[in-house]
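Analysis of the macromolecular model
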Amino acid sequence: MAVEAMRTGIVTDDRFLAHETGAGHPERPDRLRAIGRMLAGSVGPNRIVVPARAATVGELSRVHLPEHVERVAATARLPRFAFDADTPVSAQSFEAARLAAGGVLALTDEVVAGRIDNGFAFVRPPGHHAERDRAMGFCLFNNVAIAAAHLRAAHGLERVLVVDWDVHHGNGTQHAFYRDPSVLFISSHQYPFYPGTGAATEVGSGEGEGFTLNLPFPAGYGDGQYVAAFLEIVEPVARRFAPQFILVSAGFDAHRRDPLAGMEVSEAGFGALARILLRTARDVCSGRLVAVLEGGYDLEGLARSAGAVLSEMAGGSLDEPVSPAGGGADVRLPIDIARHYWGI
């Protein structure tokens, strides 16, 4: 019996290229150009372009302090500025950052409305390091956190899952929802590593205790360890939480070719992680899942990995088994924590 292909929304916009970070910076416009070439060679009838729009100040302020939004906006009057050594901007960066956040919102709106089944927002600048009051780590506004807050405020959803597989811990997303039981944040990342957060013992606080789950991995982990951890921890916890929407901070800097980290994940490995999450979304929230580009700085590894995730979004392989070939991960402490809070 043939499986009907899922309708996948794509957000991409040349205006993201206007965010100039300077010569030699790894978060460069060529990243999206590489993805654009991949998209041009893999266009399908069920891929639907969703236009980006600029997020409003009110939408940004659901996560960020108005003063932070104003600081980023002020850089539009400057040819060059740097929030820190890693986070330079140009005169067009504020507009690109508003479009990045708003592009993700447009995609989530289309999924909620049922006009598409899932989607991938190929945006820049990335977002998961941006704090409530601070730009850092190449990030100006926290695109995924803004989308989670939007799903709660604009669509009335009660439970949103954010899974972050970028090689760097999503400190900004974690902090945005650390006391909030309506958003479950799960992050797999190299540890210890930038930005220094993401220990397994960081589990949330107050009413949000147990709704932050960190999987800190040592350098050298690859497909087998990642897949094992997602099968043993991420998938069962996600099913217990029963989200109404899944957001993925899809960084590809855990790829074995990436110059900024020390992991060994392949494009097939990222595809396997996507299959696990898409299968979970199909079973618990009518397939509603949106991935948002974060890191990934080797152009070939980035494009191939993004293509692998898009292939999984078509839905035809979701029932094929995912096996952790190559060995399991040492996640004894995260498993103990997940069992304590989620009974898996």
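Right, let's walk through the structure included here. The structure displayed is predicted, hence computed values, not measured ones.

When helices and strands are tallied, the protein chain shows 10 helices and 10 strands. For the protein chain, the C-alpha radius of gyration of 18 Å lies close to 20 Å, the compact-globule estimate for 344 residues. Viewed in the frame of its principal axes, the protein chain has a C-alpha envelope of about 50 × 45 × 40 Å. The contacts of the protein chain with a sequence gap of at least 6 include a subset with a gap of at least 24, amounting to 79%. Accessible area for the protein chain stands at about 12,600 Å²; split by element, carbon and sulfur atoms hold 52% of it. Placing the 31 positive and 40 negative side-chain charges of the protein chain at their respective mean positions leaves the two points 3 Å apart.

Next up on the list: the environment of S188. Within the element layout of this structure, S188 appears in strand β7 (residues 183–190). Residue S188 is classed as buried on the basis of its relative accessible area of 2%. Each C-alpha atom of the pair S188 and F217 lies 7.0 Å from the other, and the pair is 29 residues apart in sequence. For S188, the residues in contact, after removing those within four places along its chain, are D164, W165, D166, L215, F217, Y226 and F230.

Neither face of strand β5 (residues 118–121) is exposed, since N118 and F120 on one face and G119 and A121 on the opposite face are all buried. Here strand β1 (residues 8–11) runs beside β5; their pairing, made up of 4 bridges, is parallel. When the bridges of β5 are listed, T8 appears paired with N118. Judged from the 4 bridges that link them, β5 and strand β10 (residues 289–293) form a sheet pairing that is parallel. Bridge pairing links F120 to A291 in β10.

Right, let's talk about the side chain of R275 for a bit. Here R275 shows up in helix α8 (residues 267–284). Looking at R275, its side chain comes within polar contact range of the side chain of E312, at 3.0 Å. Here E320 takes part through its backbone oxygen, which lies 3.5 Å from a polar atom of the side chain of R275.

Right, let's talk about helix α5 (residues 143–155) for a bit. With 13 residues, α5 should reach 18 Å at 1.5 Å per residue; the first-to-last C-alpha distance of 17 Å fits that figure. Those residues of α5 that fall on the buried side of the exposure criterion are N143, V144, A145, I146, A147, A148, A149, H150 and L151. Taken from the residues just after α5, G156 is the one with a positive phi, measuring 70 degrees.

Glancing now at the sheet that holds strand β6 (residues 160–164). Taken in spatial order, the 8 strands line up as β2-β1-β5-β10-β9-β6-β7-β8 in an open sheet, and their pairing is parallel. Two strands bound the open sheet, and with one partner strand each, they are β2 (47–49) and β8 (212–217). Averaged over neighbouring strand pairs, the angle between their axes works out to 15 degrees when direction is ignored. Sitting on the sheet, α5 is in contact with β6, β7, β9 (245–250) and β10, with an inclination near 170 degrees to β9. Contacting β5, β6, β9 and β10, α8 runs over the sheet at an angle of about 165 degrees to β9.

Closest axis-to-axis distance for the helix α4 (residues 93–113)/α5 pair is 9 Å, and the angle between their directions is 45 degrees. Comparing the axis directions of α4 and α5 gives the class oblique. For the pair α4 and α5, the crossing hand works out as right-handed. Within the contact between the two elements, α4 uses A97, A100, A101, V104, L105, T108, D109 and V112 and α5 uses N143, I146, A147, H150, L151 and H155.

It is worth spelling out α8 at this point. Spanning 18 residues, α8 covers 26 Å between terminal C-alpha atoms, matching the ideal 26 Å at 1.5 Å per step. By the criterion of burial, α8 is predominantly enclosed, with 13 of the 18 residues buried. Backbone nitrogen of A268 and a side-chain oxygen of the N-cap are separated by 3.3 Å at the start of α8; the cap is S266. S286 occupies a position one or two residues after α8 and carries a positive phi of about 55 degrees.

Taken as a whole, this structure holds 19 salt bridges when the rule is applied. A salt bridge links D13 to R15, with the nearest nitrogen and oxygen atoms 2.8 Å apart. Among the residues examined, D13 registers a relative accessible area of 16% and is labelled buried. Ionic pairing is found between R98 and E95, a salt bridge with its closest N-O pair at 3.6 Å. Taken together, the residues span about one helical turn, with R98 and E95 both in helix α4 at a distance of 3 residues. Using a relative accessible area of 30% as the deciding quantity, one classes E95 as partly exposed. Each of the salt bridges in this network shares a partner with another, and the network as a whole consists of E235, R239, R279, R282, D283 and D319.

Reading guide: rules and limits
- Residues numbered from 1 in each chain as written.
- Predicted model: local features only at pLDDT ≥ 70, side-chain atom pairs only at ≥ 80, totals over all residues.
- Heavy atoms only, no water.
- Helix = DSSP H or I, 4+ residues; strand = E, 2+ residues; numbered from the N terminus.
- Rg over C-alpha atoms; globule rule 2.2 N^0.38 Å.
- Contact = heavy atoms within 4.5 Å.
- Areas by Shrake-Rupley, 256 points an atom, 1.4 Å probe, with all protein chains shown as cover.
- Lys, Arg positive; Asp, Glu negative; His and termini not counted.
- Charge placed at Lys NZ, Arg CZ, Asp CG, Glu CD.
- Buried < 20%, exposed > 50% of the residue type's maximum accessible area, 1.4 Å probe, protein only.
- Pairing = 2+ DSSP bridges.
- Polar contact = N/O pair within 3.5 Å; in protein donor to acceptor, adjacent residues only side chain to side chain.
- Expected span 1.5 Å × (residues − 1).
- Axes fitted to C-alpha atoms, helices over the stretch in contact; angles between N-to-C directions.
- Parallel < 35°, antiparallel > 145°, perpendicular 65-115°, else oblique.
- Left-handed = near helix turned anticlockwise from the far one by under 90°.
- Salt bridge = Lys/Arg side-chain N within 4 Å of Asp/Glu carboxyl O.

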